[in-house]
Amino acid sequence: METDVNSKHIVVIGGGPGGYPAAFHAADLGMQVTLIDDAPNPGGVCLYRGCIPSKALLHAAAFINEASEIAEWGITVSKPQIDLDKLRARKEAVIAKLTGGLGQLTKQRKITYLQGRARFADPKTLTVTMSDGTTQTLTFDAAIIATGSQPIHLPFAPDSPRVLDSTTALDLADIPASMLLVGGGYIGLELGQVYASLGSRVTVVEMMPALLPGADAALVRVLAAKLKKQFEAIHLKTRVAALDETPEGIAVRFEGKHEGSETFDKILVAVGRRPDAGNVGLENTGVVVDEKGFITVDAQRRTAEPAIYAIGDVAGQPMLAHKATYEGKVAAEAIAGMKTVYDPKAIPGVVFTDPEIAWCGLTEAEAKAAGRDVKVTSFPWAASGRATTLGRSDGVTRLVLDPTDNHRVLGVGMAGPGAGELIAEGTLAIEMGAVADDLAWTIHPHPTLSETVMEAAESAMGHSIHYTR
Amino acid sequence: MSTEFKLPELGENIETIQVTRVLVSPGDSVVADQPLLEVETDKATIEVPADNAGTVDSVLVSDGDEVSVGQVMLTFTDSAAAPTAAPTAETEPEPAPDPVPPTSDIRHPTSSLLPPPSSPSPAPPTSDLRLPTSSPSPTPYNVPAAPSVRRFAREIGIDVTVVTGSGPNGRISIDDVKTHAKQRNEAPALVAAGSIATPPLPDFEKWGAVERKKMAVIRRKTAEHMSLSWGQVPHVTIFDKADITELDVLRKRYADHAVEAGGKLTMAVMVCKVVAAALKRFPQFNASIDMGTREIIYKQYVNLGVAVSTERGLVVPVIHNADQKNMVAISVEISALAQKARDGKIQLDDLEGGTFTVTNLGRICGTYFTPIINYPEVAILGIGRAQPEAIVRDGQIEMRTMLPLSLSFDHRLIDGSDGARFLGWIIDAIQEPLLLSLQG
Ligand SMILES: Cc1cc2nc3c(=O)[nH]c(=O)nc-3n(C[C@H](O)[C@H](O)[C@H](O)COP(=O)(O)OP(=O)(O)OC[C@H]3O[C@@H](n4cnc5c(N)ncnc54)[C@H](O)[C@@H]3O)c2cc1C
């Protein structure tokens, strides 16, 4: 028998961008909610050691870069002086403000917040080891696992303060003279750019033939061009074979395209993240975990254990905050008995480097691999008035369209400053089932970078105002 | 060991497929995930992969065959002791992954950090889950419907992919979904009967004069409802006679009791009482089927519908909790409801919530007929005209009053033998009125 929604007690384990929205939404739907996380306030990786601190630092980095470019406009500024303690404090203040706000919202919703770590004793019971050392036992009508993910470490890396992961890199202990970035994914490149802007000589090593493997090559090219100038070196198709601590730093041996050895002050390992499914006592439940460590869930994010749901990084790719949030809302509604499902047509991915790279939906390569006949139109930002006023004509906007279906928008990609903000229009277009004409005949404000979306759509119809092919 | 390879669940609402190509032959050895067959659903062509490695023993289907979910298509000799089923709750959860990747694989996690640029990749691995209950499924990638429209359609149980969009380039709006839902309700028979569209009518005037009259609402509703039932429900009807000689004696003896109370103790009333008791003993007949969730809904109440013909047409008022009422009470209620129905004063409440219907043609004529089930109920009992008959009892010919009974039931839920047992119990209870008090 279905119990009354209002008397359901739900427990959310993990207070990240998956867990806290799930808890908030469940409370808003009238359920009685307990939220458990080991931090004093909700926020998870995203707010404490992920999206938010990295973006705060990137904001500072972008300013430093702009300051160096403004000379071309006839404005000379002296080399920025960096007060690392103040920068760190500012970043901490941003975190404190946002997580404190979430704590307030938790209280306002009358959610019970337990600071501690939860483990399933059996499929119906949780044991919580509270941060003050006491233990609590909880039962529930439904539980949501939102325990997120952890950085992957290199097995052969020495245990040394010179070897950083994304968390310790965000601590900003110092600005090393030289730094090796292991892994050319988005987390590494963002942090690498922060350190490069602050003055480190940054070298990147990546196994794959390109940075940001999986992203549209035409977009990556735009970022790579910039990074080539900012970074000391970019070694592609190269692997780190050994890391050894020496008095001078970490000696690195490379294998592959770039053979050889070199010593760096610090190493930042950013080779990926693994789902954190191992610490919740799943062995005491029927929850199934796949070979990659993700919890297996159905379309409503329900695990093999009917009363247990899983969302966010622990429940599968893409490991992104906004995907976790969407899943959190789906799980809360599913528990409330609503017919919601996980049904996104496009999930935007953004690399917050300078220039930014953002995309959603299908890439050209994916569409071709799926045997789809697609038409791709590009609008180079060199033809955008706004980009020129910003001194940034290196960007590009690309649309992947289905020529057999009214040029329906299948994918959108962009590179350039502000791409992360602009991509929202692309995501909306795909979710709404828009066709190129819808974008072409929507008035976009002038002069803005958003016009590039309109013009890319126009060029699909063969008539872009500012660009001829 | 030889194992059977059955057509797996391929998606919601896919019950049968057509084999377009068999990709393996007996003696072939296959690896897990290797495509075995190419099949076609009404939506797409799909390759059905092997779930384990093994050697094909025999191929039981060929190109063009129609196959339903669960049907055995191939048999295999399994190599090794590969697990045969998807992980279930009993499976030991995998230990947490090794926190460190193998050195040769540094690139992999890096690339997996990137968001797959579209939803198809993170699609939930629904298929290898033992689903506790049915769960709505995500819509395919390129349906031109906004999230709000998809959500609305899901809520009211409409598959948005079959809705025709009225907007530019086929865009589907909330109104389109509503229109679709309305049309579906108005033409249930068409949807149900596998969408064979009604062919256009001939021009009857070619053969003489005709008159066209608007159908009364009640006629139209009956037409729709009967088509729905006929289209959805595989009917079986069985016939038998009950010897009511004794019961009729009792009926006459106690008729006054009912009259005093304002009712009329008819044979139909007595049969209703027996049926109500039978439904308590045979809950299967007091149920409904939910094909959407593949569940059977057993109702914990017995509400008997009694078909009443009125000038305007057929209505079926309901005697709520008939099992808790005695014959006099039932007779009073039937009389009152029938009167209300004939006066056109019947309320919606009086017509709703039935769990089983009794229909009586006995006052007019006829022996047997094939009553159509009042969907979503699963059975209906038809009463014919009682007649004195020459019956052989204990080797002697005797004159007995016999009542013809026709029971239609939904073969999806009820098998022939269950139907016979149910009708048999009713007949026994009619013939031996005491049985009702003993067992009913
Ligand atoms: C440097 C960096 C930058 C990033 N930038 C972005 C970005 O710009 N945009 C973006 O979308 N994503 C970004 N991400 C990814 C994003 O942070 C994650 O996708 C997101 O945080 C996942 O949310 P979640 O709710 O699944 O889990 P998490 O945020 O990982 O939260 C899980 C929480 O659960 C707690 N927990 C774990 N186990 C237990 C237990 N047993 N009991 C109680 N609590 C427990 C953890 O301590 C943690 O607080 C970034 C990540 C990093 C590392």
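About the cut-offs
- Residues numbered from 1 in each chain as written.
- Chains lettered and ligands numbered in written order.
- Predicted model: local features only at pLDDT ≥ 70, side-chain atom pairs only at ≥ 80, totals over all residues.
- Heavy atoms only, no water.
- Helix = DSSP H or I, 4+ residues; strand = E, 2+ residues; numbered from the N terminus.
- Buried < 20%, exposed > 50% of the residue type's maximum accessible area, 1.4 Å probe, protein only.
- Contact = heavy atoms within 4.5 Å.
- Areas by Shrake-Rupley, 256 points an atom, 1.4 Å probe, with all protein chains shown as cover.
- Near = heavy atom within 4 Å.
- Polar contact = N/O pair within 3.5 Å; in protein donor to acceptor, adjacent residues only side chain to side chain.
- Nonpolar A, V, L, I, M, F, W, Y, C, P; charged D, E, K, R; others polar.
- Domains from an automatic or database assignment.
- Patch = residues over 30% accessible without salt bridge, like charges linked within 9 Å, V, L, I, M, F, W, Y side chains within 5 Å.
- Salt bridge = Lys/Arg side-chain N within 4 Å of Asp/Glu carboxyl O.
- Pairing = 2+ DSSP bridges.
- Expected span 1.5 Å × (residues − 1).
- Axes fitted to C-alpha atoms, helices over the stretch in contact; angles between N-to-C directions.
- pLDDT = per-residue confidence, 0-100.

Enquirer: What's the story with the overall build of chain A in this structure? I'm lost.
Expert: In terms of helices and strands, chain A carries 13 helices and 22 strands. Scored against the burial criterion, the 469 residues of chain A give a buried share of 58%. In chain A, 63% of the contacts between residues at least 6 apart in sequence involve partners at least 24 apart. For chain A, the exposed area adds up to about 18,600 Å²; of that, 55% sits on carbon and sulfur atoms.

Enquirer: So what exactly am I meant to see when it comes to the site of the ligand here?
Expert: Residue and element names in this part refer to chain A. If you check the shell around the ligand, you find 39 residues, and the closest are G18, D37, K55, N279 and D313. Contact between the ligand and P17: an oxygen atom at 3.4 Å from a main-chain N or O atom of the residue. D38 places a side-chain nitrogen or oxygen 2.9 Å from an oxygen atom of the ligand. Burial of the ligand by the surrounding chains reaches 97%, relative to a free accessible area of 990 Å². Here the element with the most residues in the shell around the ligand is helix α2 (residues 44–49); it accounts for 4 residues. Of the residues in the shell around the ligand, the class split is 16 nonpolar, 16 polar and 7 charged. Each of domain 1 (5–150 + 274–335) and domain 2 (163–271) accounts for three or more of the residues forming the shell around the ligand.

Enquirer: Explain helix α1 (residues 19–28) of chain A to me, please; I cannot follow it from the model alone.
Expert: It helps to recall that an α-helix has 3.6 residues per turn; residues three or four apart then point in one direction. Residues and elements named next belong to chain A. Taken across its 10 residues, α1 has 9 buried, putting it largely inside the fold. For α1, the complete set of buried residues consists of G19, Y20, P21, A22, A23, F24, H25, A26 and A27. The positive-phi residue at the C-terminal boundary of α1 is G30, with phi of around 100°.

Enquirer: I would appreciate a short explanation of a nonpolar patch on the surface in the present structure.
Expert: Residue and element names in this part refer to chain B. Taken together, the side chains of L201, F204, W207 and V210 make up a nonpolar region of the molecular surface, amounting to roughly 470 Å² of accessible area. With respect to the helices, strands and loops of the structure, V210 is situated in the loop between α4 (188–192) and α5 (217–232). For V210, a relative accessible area of 43% gives the class partly exposed.

Enquirer: What's the story with the pairing of strand β17 (residues 379–383) of chain B in this structure? I'm lost.
Expert: Side chains on a regular strand alternate between the two faces of the sheet. All names here are of chain B. The buried fraction of β17 is high, at 5 of 5 residues. Of the two faces of β17, the one carrying A379, L381 and I383 and the one carrying I380 and G382 are both buried. Sheet topology note: the strand β16 (residues 356–360)/β17 ladder contains 4 bridges and is parallel. The residue of β17 that forms the bridge with N360 is I383. Sheet topology places β17 next to strand β19 (residues 396–410); 5 bridges connect them, and they run antiparallel. From the neighbouring strand, A379 faces β19, where its bridge partner is F409.

Enquirer: How should helix α8 (residues 321–335) of chain A be read in this particular structure?
Expert: In this model α8 of chain A runs 21 Å from its N-terminal to its C-terminal C-alpha over 15 residues, within 8% of the 21 Å that 1.5 Å per residue would give. Buried residues of α8 of chain A: K323, A324, E327, G328, V330, A331, A332, E333, A334 and I335 of chain A, and no others. On its buried face, α8 of chain A is in contact with β1 (9–13), α1, β6 (142–145) and β17 (308–310) of chain A together with α2 (147–155) of chain B. Count one or two residues on from α8 of chain A and you reach G337 of chain A, which has phi positive near 90°.

Enquirer: Help me understand the pattern of salt bridges in this model?
Expert: Proximity of charged atoms lets side chains of opposite charge pair with each other. Residue and element names in this part refer to chain A. Within this structure, the stated rule accounts for 40 salt bridges over all chains. Residues K368 and E364 are paired through a salt bridge, measuring 3.0 Å at the closest nitrogen-oxygen approach. On the criterion of helical spacing, the pair formed by K368 and E364 is a turn pair, its members being 4 residues apart in helix α9 (residues 364–369). Judged by its relative accessible area of 23%, E364 is partly exposed. When the shortest N-O distance is used, the salt bridge between D394 and R392 registers 3.4 Å. Taking relative accessible area as the criterion, R392 reaches 11% and is therefore assigned buried. It is possible to trace a salt-bridge network through shared partners that takes in E69, K226, D354, R392 and D394.

Enquirer: It is not clear to me how the side chain of S166 of chain A should be interpreted in this structure. Could you clarify?
Expert: Mapped onto the secondary structure, S166 of chain A falls in helix α5 (residues 166–171). Setting aside residues no more than four positions away along its own chain, S166 of chain A makes contact with P151, I187, L191, L268, V269 and R273 of chain A.

Enquirer: Would you explain the sheet that holds strand β4 (residues 125–130) of chain A in this entry?
Expert: Strand pairing in a sheet relies on backbone hydrogen bonds. The paired strands run either parallel or antiparallel. All names here are of chain A. Read from one edge to the other, the open sheet built from 7 strands follows the order β5-β4-β3-β2-β1-β6-β17, with strand pairing classed as mixed. A single partner strand is all that each edge strand has here, and the edge strands are β5 (135–139) and β17. For this sheet the average axis-to-axis angle between neighbouring strands, irrespective of direction, equals 35°. Pairing of β1 with β6, which is carried by 4 bridges, proceeds in the parallel orientation. Each bridged residue has a counterpart across the sheet, and for I13 the counterpart in β6 is I145. Most of the contacts of α1 go to strand β2 (residues 32–37), to which it runs at about 165°, and overall it touches β1, β2 and β6. Sitting on the sheet, α8 is in contact with β1, β6 and β17, with an inclination near 170° to β6.

Enquirer: Just to check I follow, could you spell out unusual backbone geometry for this structure?
Expert: Apart from glycine, the bulk of residues carry a negative phi angle, and the bulk of peptide bonds sit in the trans form. Cis geometry marks the peptide bond from Q317 of chain A to P318 of chain A; its omega dihedral reads -10°. With respect to the secondary-structure elements, P318 of chain A resides in the loop between β17 and α8. Residue P447 of chain A follows H446 of chain A across a cis peptide bond; omega there is -10°. Note that P447 of chain A resides in the loop between α12 (436–440) and α13 (451–460). Backbone geometry places K237 of chain A, a non-glycine residue, at a positive phi of 45°. Inspection of the secondary structure puts K237 of chain A in the loop between β11 (233–235) and β12 (238–246). One non-glycine residue, D394 of chain B, adopts positive backbone phi at about 50°.

Enquirer: Got a minute to help me understand the confidence of the model for chain B in this structure?
Expert: Detailed reading of predicted coordinates is not advised where the pLDDT is low. All names here are of chain B. Scored by pLDDT, chain B comes out at a mean of 79, with 81% of its residues at no less than 70. When mean pLDDT is taken per element in chain B, β17 scores highest with 96 and helix α1 (residues 107–113) scores lowest with 33. With a pTM of 0.63, the predicted complex shows an ipTM of 0.71.

Enquirer: So what exactly am I meant to see when it comes to the sheet that holds strand β22 (residues 408–416) of chain A here?
Expert: Residues and elements named next belong to chain A. Reading across from one edge, β18-β19-β22-β21-β20 is the order of the 5 strands in this open sheet, with antiparallel pairing throughout. Pairing within the sheet leaves two strands with one partner each, and these edge strands are β18 (349–351) and β20 (375–380). Strand-to-strand twist in this sheet, taken as the mean axis angle between neighbours without regard to direction, amounts to 10°. Sheet topology note: the β18/strand β19 (residues 356–361) ladder contains 3 bridges and is antiparallel. Bridging across to β19, V350 finds its partner in A358.

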